[in-house]
Each structure stands twice: as structure tokens, then as C-alpha cells.
Amino acid sequence: MTTRLTVAQALVRFLAAQYTERDGVRQRLISATWGIFGHGNVAGLGQALVEYGDEMPFHQGRNEQSMVHAAVGYARQSNRLSTHAVTTSIGPGATNLVTGAALATINHLPVLLLPGDIFATRVADPVLQQLEVPYAGDISVNDSLRPVSKYFDRVTRPEALIPAALQAMRVLTDPVETGAVTLALPQDVQAEAYDWPDEFFAERTWTVRRPGADPAELAEAVSAIRAAQRPLVIAGGGVHHSRAEEALAEFAAATGIPVASTQAGKGSLRHDHPQDVGAVGHTGTATANELARQADLVIGVGTRYTDFTTASGTLFEQQGVRFLNLNIAPYDGHKLAGRPLVADARSGLTELTEALQLHTHRVSGTYIDEYSLDKERWEQRVDACFEADEPDIRPTQAQVLGALDALADESDVLVNAAGSLPGDLHKLWRARSRDQYHLEYGYSCMGYEIPAAIGVKMAAPERNVWALVGDGTYLMMPTEIVTAVQEGIAIKLLLIQNHGYASIGGLSESVGGERFGTAYRYQSDDGTYTGAPLPVDLAANAASLGMRVLRAKTVRDLRAALAEARAADTPTCVYVETETADTVSGPPPAQAWWDVPVAETATRPSAVKARELYERHVSTRRRHL
């Protein structure tokens, strides 16, 4: 039996029938579609979404990149088991997807991209917005999505949709390969009819695997752990993707091995778990980084070992240190010349715990006492950063986080991605639940926070979802505030005004750049941005987009505004201007290095001094072979 439908109609019906299942829980794979319509998709997918609106919910976006961010936020909150599709027209609508696609792929988060494309028949050539390529007739702007997609196909004939759609679902549900998946859809093919086999529209369930460890690799891993005197676990985002938090807590409690976390892995253990020692790497705690420097075995669980985690190859100093990498991706399992344990994080941790319990293995009490005392000292430093003895003065950024920390409970989710906030949050925030800390730091994309918070709130409407945004990030992409208002998505926006790119300003100063081009100020006569602050009212801007705005001038105001926003059932913004220099209770400085090359030749004293310091750090880098 067959059913005659357009390609776009067939695709919408197919997507509505796709499900995932893991641990006996079944849910829609593509639960909704975001779209901005133009001539490349309005008559195809636009018409199909109207035709089958009862099967495929639709959300209206304001910026194509933002729509991808919202889908990614939804996917992460849904443990990668459910996501959204995003449709755009050809031309700028399609190329606006590239940044979001890169973010999704780098972070291993599934999203389905459905950009319109030029005519497959070439009857209208060049069509409006078409990029003409003299040396190749089969290239369009959509080809810019190839390097940032885990799967890419261009559906140039109706019947080609069947294998392309099935391959797309395979990749979206693969825990190793998942990321952005792109099906480029020529606008004439979208509207073309075909007799589709009814089997194409039957419900299909994609099982998300939990592979266990190879027995030989498991035995080697157990031997390595038993032989270690100062082992340290580094928990990455794979712990969350696998829902392995309980398995990690059991492993840590049974063995006494301390657990540090990357940006993506923070919250793998609650902040008050005895074995949690906080963040590791360039934005890490003194406790975790000192343990990393002295560790003889580093047990990576679901981590990619980015340069922020390894302090650009300078963190793991112990002579003879070795790495054991539990990862579902073999590529990551072999990093740092490590012993791979290729398995799902939950399965692998459970197997390790059971095997080690047979030997009643546990690290020494002296080691436990050492890191427990260091953790207490660090918590005292956090308290000092959060404390505000004078409630009627303008807060520092750390005090802003302290006010939110005092208010939050397990139901709150924090969304952030870029600026100075990720470093402060990684060091200072006390994660109270497995999914409270939602930092996108694989791509650290300015503009991610507001649309991602919308996606998180869609996936978890019962949660309090906070988008933490600096002024630089806000100006990148505030447009989805309109979407939150339109759809009544009650996100909370904490908008911090510090008059510029504070994070890069600090980095610029440390590498001899003298904060050049990082302040939001008028230009001075010498061409530098050192004049008066710009008279930009971001609170008024947010209000003009329909958001309720609460202004806070002091620490006391801030506490009241945060409490009011948290209780609100409509999209609400808390706007606060912070001290530009955290001289009162700023966060502790970086506890580990990060390699940003400094000019090798320069005449300005700041750059010369920075280069001398850089060369000293570079000399400590090592390759783990």
C-alpha cells in the first residue's frame, strides 16, 4: 500500500512516528519543529506543518541560530533522547544555522536541521539568494553545513528521502556519533508528490545503547586502580548524557576516590558529596587542581580532555602519571595515551564498582582526610566571595552569584555559555542536582543562553530556568525574548551589566593586549575605547521586547528582585549593574594555566612582560605518551 504525499508532507509524517527508548523509557525523538519561513521552505515544509499540525507541534523563531540553540537546550535537558527539528529558507536562513550546528556537534547533542535548498531541476538558476559557484553546479550555501554536521545529505529526488531520513535518525540516536544532522531540501523537491510505501510512516523505535566494557579492558582498569595511591576521577559531560550520576556516586563512595568535574560534567556529584572536590582545570578549584598535579592515575569518565581541563597540558605533573579513560567513544578513550575502557558511563562505572568491591578496594584514609580538609578550605573561600557585608552597595559579580546561590534549590537550572561567568560559576557554584548546571563550554557561544533556556524550560516546564547573561552576550542575541513572551515560557533572565567584554578584557590584559577593544565605551581621541560608558539601557531593551524587568541597584535590591523573579509565572528579567573590578569579593584567580600565545616580539612593556611569563608556563608543558 502507498500514500501520495509531497516530500515535505512525507518527512513531517515520518518524523512524527520516530521514538527513542533507553532503560525501558520511550519518547518522541523529534517532539517539535522550529521554523522561519522564506521562499525556500514556505510552500514545502511550511505547508506540510500546516497540513499535519496535529502531529508535529511548531514553534516560531526570530533567528535561525537561536532556533538551533533552543533545540540543543531541549535535547540536553532531555538527556539526548528527544530533540527538535529546525527548518529555514535558503540563503542567509541556511547559513545562520552553521554556528548552532557547530555547537551541537562539538557538544555531542542531537538536532535535526532542514534548510531549504536551490532548485534540484535547475529550472530557476540562479534563484534568489543562490550562491553561484562557477567550478561546480551542485554546490549551494548549505554545503557550509557539511563540516559541522555529523550526517549531511541533499535530497534531490523524492525517493531519496527514505534512506536519507533513516540515516539521519540513526545518527541522531547514536550515543557516539550524535550531533547536528542536516537534510538539505531543494525547494522544488519539497513540493513534489510521490507514492510512499506506508511502512515508511509506521512507528519506529530507536534503541539508545548502553554497551558494557570488554572483559580484558575491565580487568586492566581494575588493576590500574588498585595499584594507584593517589587516583582522581575527572567527570565530563558523558556522565550526564548517560545518566550515570548515581553510578558515579556509588563508585566514589565505595572507593573513596575524589571526583573533580569539567564544565560539562559539573553536577555529576552534588556539591556536598564527600568525594566531590569541585571544578578542575583553568577555571577549577585549588583543591581539584592540586589533586590533579599529584595524581598518579587520572580516571576520565565521559570527558574529551579539552585544554581548559588539562591546563593546556600543564596540569598533570606527577612523574609517571597514567590515564584510564572510560568513554563510549573510542576516539576519546585513547586520549593522553590512556588505557581505554570503551563503554557506556553508567555500565562501565557499575562494572568497575562491582569488580573493585570483590577486592574491598579503597584509597587510604590519609588521602581522604587530605582532600576533605582542602575542600573545606575552598568552601570558606567561596563563602568569602559570596558574602556582602554592606547590602546597600552595588554588588560584584561574585556577590550576584552568591545571592542566587542563597535562593536556589534543586529545581533551579542555570544556563550559561560565555564571558566571565563560566569561570566564576565553575569555581564557585554549588550544584544541587544532576542537571542544575547547564554550561555550554564546548563552543562557548555568546548568545546561546536565552534561546537554550527556552529549550530547557520546554523540556522541564516545572523547573525554574535561569539564563545568566552578561551585556556582551545579551547584545549578541536577545531576540528570542519575543518567543518566550509569545509562548508564555517563563524563563528567568539574570542580566549583568559590566560595560564590555569583561572576560576577554582580563585575558587581553594578561597577554599584553591592554584590554584593547573590549570595553563598551566611547572612542577617545587616540582611537581607543576609553571614553565614557555608552548610554545603553539593556533593561529598557528587554522590556521593549515584552519581558517584565526588575532593576536592582544594590545587593539588597538584588536579593528581593531574584526572589520576585523566581516566583513569577511570566518571563522575567533581573537587571543589575556590577562593579567593573571585583576588588571586594572577587573570585579567586585561575588555579591553573591556559595557553593563549603571546606576541614573541613587542616594544610595549606589557607585552614583553607577558611573553616572559608565557615562556615560563610553556616550559612546564608535557606530552603524555
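With that settled, the discussion passes to the sheet that holds strand β12 (residues 231-235). Spatial ordering of the open sheet is given by β14-β13-β12-β15-β16-β17, a layout of six strands whose pairing is parallel. Across the chains shown, the open sheet's two edge strands, defined by having one partner strand only, are β14 (276-279) and β17 (339-342). Averaged over all neighbouring strand pairs, the angle between strand axes comes to 20°, with direction disregarded. Here β12 runs beside strand β13 (residues 259-261); their pairing, made up of three bridges, is parallel. When the bridges of β13 are listed, A235 appears paired with S261.

So, on to the packing of aromatic side chains. Within the structure shown, the criterion is met by twelve aromatic pairs. Judged by centre distance (4.5 Å) and plane angle (70°), the rings of F308 and W594 are edge-to-face. In this pair, F308 sits in helix α12 (residues 307-310) while W594 sits in the loop between β23 (572-577) and α24 (605-618), placing the two residues 286 residues apart along the sequence. Measuring from centroid to centroid gives 5.7 Å for W593 and Y614, while their planes differ by 55°, and the two rings are tilted. With W593 in the loop between β23 and α24 and Y614 in helix α24, this residue pair connects regions lying 21 residues apart in the sequence. Y614 shares its class with W593; the two are buried. Linked through ring pairs, F14, Y194, W196, F200 and F201 together constitute an aromatic cluster. Above the plane of the ring of Y19 lies R26, whose end atom (NZ or CZ) is 3.8 Å from the centre. The ring of Y437 has K266 sitting right over it, with the charged end atom 5.5 Å from the ring centre.

Bringing empty space enclosed by the protein into the picture now. Following the criterion strictly, the structure yields four cavities of 30 Å³ or more and no others. In this structure, the largest cavity encloses a volume near 180 Å³. In terms of lining, the largest cavity is formed by 20 residues, of which the most central are K266, D276, G278, E379 and W429. Elements with a contribution of two residues or more to the lining of the largest cavity: β14, α15 (365-386) and α17 (421-428). Residue classes in the lining of the largest cavity are distributed as seven nonpolar, seven polar and six charged. Volume-wise, the second largest cavity comes out at about 120 Å³. Around the second largest cavity, the lining residues are R76, Q77, N79, R80, H240, H241, R434, D435, Y437 and H438. Elements with a contribution of two residues or more to the lining of the second largest cavity: α3 (64-77), α9 (237-241) and β19 (437-439).

On to α15. Taking 1.5 Å of rise per residue, the 22 residues of α15 would be expected to cover 32 Å, and the 32 Å separating its terminal C-alpha atoms lies within 8% of that figure. Within the span of α15, buried status applies to Y367, I368, Y371, K375, W378, V382, C385 and F386. All buried residues of α15 fall inside an arc of 95° around its axis, so they share one side. Summarising the geometry of α15, the exposed residues directed more than 90 degrees from the buried face are T366, D369 and Q380. Residues of α15 that are buried sit in contact with β12, β14, α11 (286-294), α16 (397-407) and α17.

Here six strands make up an open sheet; going across it, the order is β19-β18-β20-β21-β23-β22 and the pairing parallel. Only two strands of the sheet have a single neighbouring strand rather than two, namely β19 and β22 (548-552). Averaged over all adjacent pairs, the angle separating strand axes in this sheet is 20°, with direction ignored.

A few words now on the side chain of T473. Of note, T473 is situated in helix α19 (residues 471-476). Residue classification places T473 among the buried positions, given a relative accessible area of 7%.

In the structure shown here, the tally under the stated rule is 37 salt bridges. E577 is the partner of R394 in a salt bridge, and the nearest nitrogen-oxygen pair spans 3.9 Å. Residue R394 is found in the loop between α15 and α16, and its partner E577 is found in strand β23; the two are separated by 183 residues along the sequence. Residue classification places E577 among the partly exposed residues on the basis of a relative accessible area of 25%. When the shortest N-O distance is used, the salt bridge between R548 and E564 registers 2.2 Å.

If you add up the space inside the second largest pocket, you get close to 250 Å³. Lining the second largest pocket, in full, are R22, D23, V25, Q27, N79, L81, R210, R243, E245, E246, R346 and R434. Those elements that place two or more of their residues in the lining of the second largest pocket are β3 (25-28) and α10 (245-255). Here the lining of the second largest pocket is built from residues that sort into two nonpolar, two polar and eight charged.

A separate point is the environment of L269. Mapped onto the elements of the fold, L269 is located in the loop between β13 and β14. Remark: the alpha-carbon pair of L269 and T20, spanning 249 residues in sequence, is separated by 27 Å. In this view, L269 contacts E245, L248, A249, A252, V259, Q275 and D276; residues no more than four positions away in its chain are not counted.

Turning next to a nonpolar patch on the surface. On the surface, a cluster of nonpolar side chains totalling about 340 Å² of accessible area is made up of L475, Y522, L534 and V536. With respect to the helices and strands, L534 occurs in the loop between α21 (502-510) and α22 (538-544). Here L534 falls in the partly exposed class, since its relative accessible area comes to 31%.

What counts as what
- Residues numbered from 1 in each chain as written.
- Predicted model: local features only at pLDDT ≥ 70, side-chain atom pairs only at ≥ 80, totals over all residues.
- Heavy atoms only, no water.
- Pairing = 2+ DSSP bridges.
- Helix = DSSP H or I, 4+ residues; strand = E, 2+ residues; numbered from the N terminus.
- Axes fitted to C-alpha atoms, helices over the stretch in contact; angles between N-to-C directions.
- Phe/Tyr/Trp six-rings, centres within 6.5 Å; stacked < 30°, edge-to-face > 60°.
- Buried < 20%, exposed > 50% of the residue type's maximum accessible area, 1.4 Å probe, protein only.
- Lys NZ or Arg CZ within 6 Å of the ring centre and 35° of its normal.
- 1 Å grid on protein atoms, 1.4 Å probe; cavity = no way out; pocket = protein on both sides within 12 Å on 5 of 7 lines; lining within 4 Å.
- Points joined across faces, edges and corners; volume = space filled by probe spheres on them.
- Nonpolar A, V, L, I, M, F, W, Y, C, P; charged D, E, K, R; others polar.
- Expected span 1.5 Å × (residues − 1).
- Arc of directions from axis to C-beta.
- Contact = heavy atoms within 4.5 Å.
- Salt bridge = Lys/Arg side-chain N within 4 Å of Asp/Glu carboxyl O.
- Patch = residues over 30% accessible without salt bridge, like charges linked within 9 Å, V, L, I, M, F, W, Y side chains within 5 Å.
- Areas by Shrake-Rupley, 256 points an atom, 1.4 Å probe, with all protein chains shown as cover.

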